[in-house]
Amino acid sequence: MSNALEISQLEKVYENGFRALKGIDLAVQEGDFFALLGPNGAGKSTSLGIVSSLVNKSAGNVKVFGYDLDTQREQVKRCLGIVPQEFNFNSFEKVEDIIIQQAGYYGLPRKLAKERTEKYLKKLDLWDKRSTQAQRLSGGMKRRLMIARALVHEPKMLILDEPTAGVDIEIRRSMWTFLKELNAQGTTIILTTHYLEEAESLCRNIAIIGQGSIIAQGRTKELLKEKNKSTFVADLTGECAEVPESLAPFDARLVDNTSLEFSLQKGRSLNTIFSALSEVGLEVNSIRPKTNRLEELFIDLTGKEQVKETAL
């Protein structure tokens, strides 16, 4: 399978000497659903800003569906739909007009522009708001409007920077469903997100960037196998005043007098903690992960805990 995106030795050095990107290499296959993860300031938005021609690179090469960013910039732009983190439409314009105007930038005939506008506003549950000024939309609706605008010319690749930031769980889940359907139809999707549950649920492949360098990349499931440990919370049927010494190998600590947090090293079964608890007379009512698996991998690799609470 050919690559939708190829990044080679990409660097970005700002005028003050700050190296935002330190020669990163990255490849995204055509049709993939890919996540670029990293703490704030790691270089995620800078990388995608360069790909989308919003940021000028200092060195390196970028190809999108075989088109070179330096010599075939217009072809690259036509392949891309961009959803930036910040709302950047005219808030006084009507929803429908914003989409039709965007279609015009790509040379779509007005009839086709209106058809596409109706198509994507309906898919994103905004059709009944088509005559509403954008400023009157909720945050979640504005985010969906941004996605509809990016799709009106039906790009081969959709790039989303924090697409569900600031939206409630119900809207986030509906957007996940839409993006999965879009990807299933062949659109390559690349996103950055702080909701790590989102990346684990949606993305087949991920890359983790830290301080301007790629520190891990590959299939999501394979990377998750590399976790050194997993942290769980056990809800006990009775009360526990202190942690028994026999649970020290599990780094156990009390959350409260009926909940116990513990860690399991890679390769150890949950049965080992059940046996250890049973030996000291503690029974488990329920057990759950403290965080999602990808968040723990993220923290292990970056040493950063600058992540938002996952939506569980």
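Everything quoted here is computed from the prediction, not taken from an experiment. (Residues numbered from 1 in each chain as written. Predicted model: local features only at pLDDT ≥ 70, side-chain atom pairs only at ≥ 80, totals over all residues. Heavy atoms only, no water.)

**Q** Could you give an account of helix H9 (residues 270-279), naming the residues involved and the relevant values?
**A** Every buried residue of H9 is accounted for by Ile273, Ala276 and Leu277. For H9, the buried positions fall inside an angular range of 100° around the axis, keeping them on one side. Opposite the buried face of H9, by more than 90 degrees, sit the exposed residues Asn271, Ser278 and Glu279. Gly281, located one to two residues past H9, shows a positive phi value of around 80°. (Buried < 20%, exposed > 50% of the residue type's maximum accessible area, 1.4 Å probe, protein only. Helix = DSSP H or I, 4+ residues; strand = E, 2+ residues; numbered from the N terminus. Arc of directions from axis to C-beta.)

**Q** Residues and numbers for the side chain of Thr164, please.
**A** By the element assignment, Thr164 lies in the loop between strand E7 (157-161) and helix H6 (169-184). A relative accessible area of 1% places Thr164 in the buried class. Looking at Thr164, its side chain comes within polar contact range of the side chain of Glu198, at 2.7 Å. Discounting chain neighbours no more than four positions away, the residues touching Thr164 are Arg172, Met175, Trp176, Tyr195 and Glu198. (Polar contact = N/O pair within 3.5 Å; in protein donor to acceptor, adjacent residues only side chain to side chain. Contact = heavy atoms within 4.5 Å.)

**Q** An account of the nonpolar core is needed here, citing residue identities and associated values.
**A** Membership of the largest hydrophobic core comes to 45 residues, with the highest contact counts inside it found for Leu145, Ile147, Leu158 and Leu160. The dominant element in this core, judged by the number of residues it contributes, is helix H5 (residues 139-151), at 7 residues. Core analysis: the second largest hydrophobic core is formed by 26 residues, Ile7, Val64, Met157 and Ile190 among them. (Core = buried A, V, L, I, M, F, W, Y, C linked by side-chain atoms within 4.5 Å.)

**Q** Can you explain the pattern of salt bridges? Please cite residues and give values.
**A** Per the counting criterion, the structure on display carries 6 salt bridges. Close ionic contact of Glu154 with Arg116 constitutes a salt bridge, the shortest N to O distance being 3.5 Å. Pair noted here: Glu154 is in the loop between H5 and E7 and Arg116 is in helix H4 (residues 110-123), with a separation of 38 residues, a long-range link. Glu154 gets classed as partly exposed once you look at its relative accessible area, which sits at 34%. Connected through salt bridges with shared partners, the residues Arg116, Lys119 and Glu154 form a single ionic network. (Salt bridge = Lys/Arg side-chain N within 4 Å of Asp/Glu carboxyl O.)

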